[in-house]
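Analysis of the macromolecular model
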Amino acid sequence: MLGPVYYYVIIGGGMAGLQLALQLSRDVFFKGKKIAIIDPSDKDKNDKTWCFWEKGAGHWDHIVSSSWEKGLFFSSEAKLELDLSPYRYKKISAIDFYTEVKKELSHSPDVIFIKDTITEVDTVKMQAIGEEGNYPATHFFDSRIPADYLEAKKATKIFQHFRGWEIETENEHFQPEVFTMMDYRLKFKNSTSFMYVLPETSKKALLEFTFFTPFLTEEKIYEEMLENYISEILKIGDFRITSTESGVIPMTDFPFEKKNNRKLTKIGTGGGWVKPSTGYSFKNTEKKTGKIISNIKSGHIPGKNLVYNRFRRYDAFFLDVLARHNQKGEAIFTKFYQANSIEMIFRYLDEETSFSEDIKVMLSLFGYEFIEAFFRKL
Ligand SMILES: Cc1cc2nc3c(=O)[nH]c(=O)nc-3n(C[C@H](O)[C@H](O)[C@H](O)COP(=O)(O)OP(=O)(O)OC[C@H]3O[C@@H](n4cnc5c(N)ncnc54)[C@H](O)[C@@H]3O)c2cc1C
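Residues numbered from 1 in each chain as written. Predicted model: local features only at pLDDT ≥ 70, side-chain atom pairs only at ≥ 80, totals over all residues.

Attention shifts here to the site of the ligand. If you check the shell around the ligand, you find 30 residues, and the closest are Gly12, Gly14, Ala16, Gly247 and Gly268. Per-element accounting of the shell around the ligand gives the leading share, four residues, to strand β3 (residues 49-55). Residues belonging to the shell around the ligand are distributed by class as follows: 13 nonpolar, 13 polar and four charged. (Near = placed C-beta within 6 Å. Helix = DSSP H or I, 4+ residues; strand = E, 2+ residues; numbered from the N terminus. Nonpolar A, V, L, I, M, F, W, Y, C, P; charged D, E, K, R; others polar.)

In structure tokens:
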């Protein structure tokens, strides 16, 4: 039996689904339009940490747990001090985001949370088919990763995979005002792999050993790298692990957005909202949901022009180089951070640079691998 017809069904109440629902519920244009958020999870666990950079004050400042204006980048040979100003690098715990957004949405008469797993979206009968019921709607926003992505042969696929330990130490070891974006002093074989360090106090930090590689690896490798980094690089003898985090983020040029149409819009990781060359998507999501809303108000399909083709192309070159010459990651990122100001780097990664600025950034990375990638991905 079919229940009510929702105006929008959002499949997946994770980061993208919740940000989208929040922006829809805050906009009077959508008042009275019923929105169902369907997810099998209650989102009551701290399953990740999100970091992002932004200039000045932002929408999430009240739940930002730490933020930094200074960063470090280490290659095997160089130490770069990064002054982020006018940006700050901000950290949010997922549980604070879920709690905050669900609280606000629970006050909206138009939003309903449904606990179910969607197995299929039938865009002929216009219903999302779940294990517990079917949900008709006039449009579906779907954050599931499409099955054909997993089989796609043409797309370049790199995994950003990591394991993190939040540790506490007896003595003071960290500088809470400086985080480490990438530290290549300890790498796994010849891969693009590095440590990422987010200090919270002088005695507490989150350390994540991270790979950008075409392969995945075993749990014990991350743990060995974390242990070695703590003892050999940080010279810490005594510490205790207070929490752990791990994840795999797709870095790919797969064209997720091609699935968008009048009836359905892919969102989040499943919509290609993760920046292919970095794995970041928290801040991107704010922009994409804003664009969806302006598309709807202008009478376009919601998923129109969500992706900038120019930047997608640059990311495709970069992924191709990483996939084929993975050992070069350290050298490429070193050039990137050495030759460009942080402001330029953040604007480029935020896809806000002009074409002439893009050329300058790309020339700073120049190497034969990029020429090869250019002709392969043309
Ligand atoms: C550990 C980790 C750390 C990350 N850190 C950062 C970071 O620091 N900065 C950054 O910008 N990005 C980061 N990312 C990348 C990205 O921001 C996150 O993956 C983000 O959660 C993606 O949002 P999403 O809504 O697509 O996916 P999710 O937040 O994972 O939400 C997807 C939701 O869909 C639900 N779902 C799945 N299948 C179904 C189904 N069949 N039916 C109904 N619901 C379903 C899931 O239960 C889940 O709640 C991180 C990713 C991971 C994994």
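This part takes up the pairing of strand β10 (residues 127-130). Alignment of strand β9 (residues 118-122) against β10, held across four bridges, turns out to be antiparallel. In the strand pairing of β10, Val121 is matched with Ala128. Here β9 hands over to β10 after four residues, with Met126 in that stretch at a positive phi of 55°. As defined by bridge partners, β10 adjoins strand β11 (residues 134-142) across three bridges and the pair is classed as antiparallel. By the bridge assignment, Ala128 is partnered in β11 with Tyr135. Hairpin connection, β10 to β11: the antiparallel pair is bridged by three residues. (Pairing = 2+ DSSP bridges.)

Let's shift gears to the sheet that holds β3. With antiparallel pairing, the three strands of this open sheet are ordered in space as β3-β7-β4. The open sheet is flanked by β3 and β4 (64-68), the only strands paired with a single partner. The sheet shows a mean angle of 25° between the axes of neighbouring strands, direction not considered. Note: β4 against strand β7 (residues 87-93), four bridges, orientation antiparallel. Of the residues in β7, the one forming a bridge with Val64 is Ile92. (Axes fitted to C-alpha atoms, helices over the stretch in contact; angles between N-to-C directions.)

Our focus in this paragraph is the packing of helix α1 (residues 15-26) against helix α2 (residues 94-106). The interhelical angle for the contact between α1 and α2, taken along N-to-C directions, is 35°, at an axis separation of 10 Å. For the element pair α1 and α2, the recorded crossing hand is left-handed. Note on element contacts: α2 touches α1 through Tyr98, Val101, Glu104 and Leu105, opposite Leu18, Ala21, Leu22 and Ser25. Here the contact of α1 with α2 is built from residues that sort into six nonpolar, one polar and one charged. (Left-handed = near helix turned anticlockwise from the far one by under 90°. Contact = placed C-beta atoms within 7 Å.)

Moving on: the nonpolar core. Ranked by size, the top nonpolar core spans 85 residues in total, and within it Val9, Ile10, Ala21, Ile35, Ala36, Ile38 and Leu207 carry the most contacts. Every residue in contact with Ile35, bar those within four places of it in the chain, is listed here: Tyr6, Tyr7, Tyr8, Ile10, Ala21, Leu24, Asp110 and Val111. (Core = buried A, V, L, I, M, F, W, Y, C linked by C-beta atoms within 7 Å. Buried ≥ 20, exposed ≤ 12 C-beta atoms within 10 Å, placed from the backbone.)

Our next topic: unusual backbone geometry. Residue Pro86 is reached from Ser85 by a cis peptide bond, and omega for that bond is 10°. In this fold, Pro86 is placed in the loop between β6 (79-83) and β7. Positive phi outside glycine occurs at Lys235, with the angle close to 55°. Mapping Lys235 onto the fold places it in the loop between α4 (219-233) and β16 (239-252). Note on Lys235: 8 C-beta atoms within 10 Å, which makes it exposed. The phi torsion at Glu351 lies on the positive side, around 65°, for a residue other than glycine.

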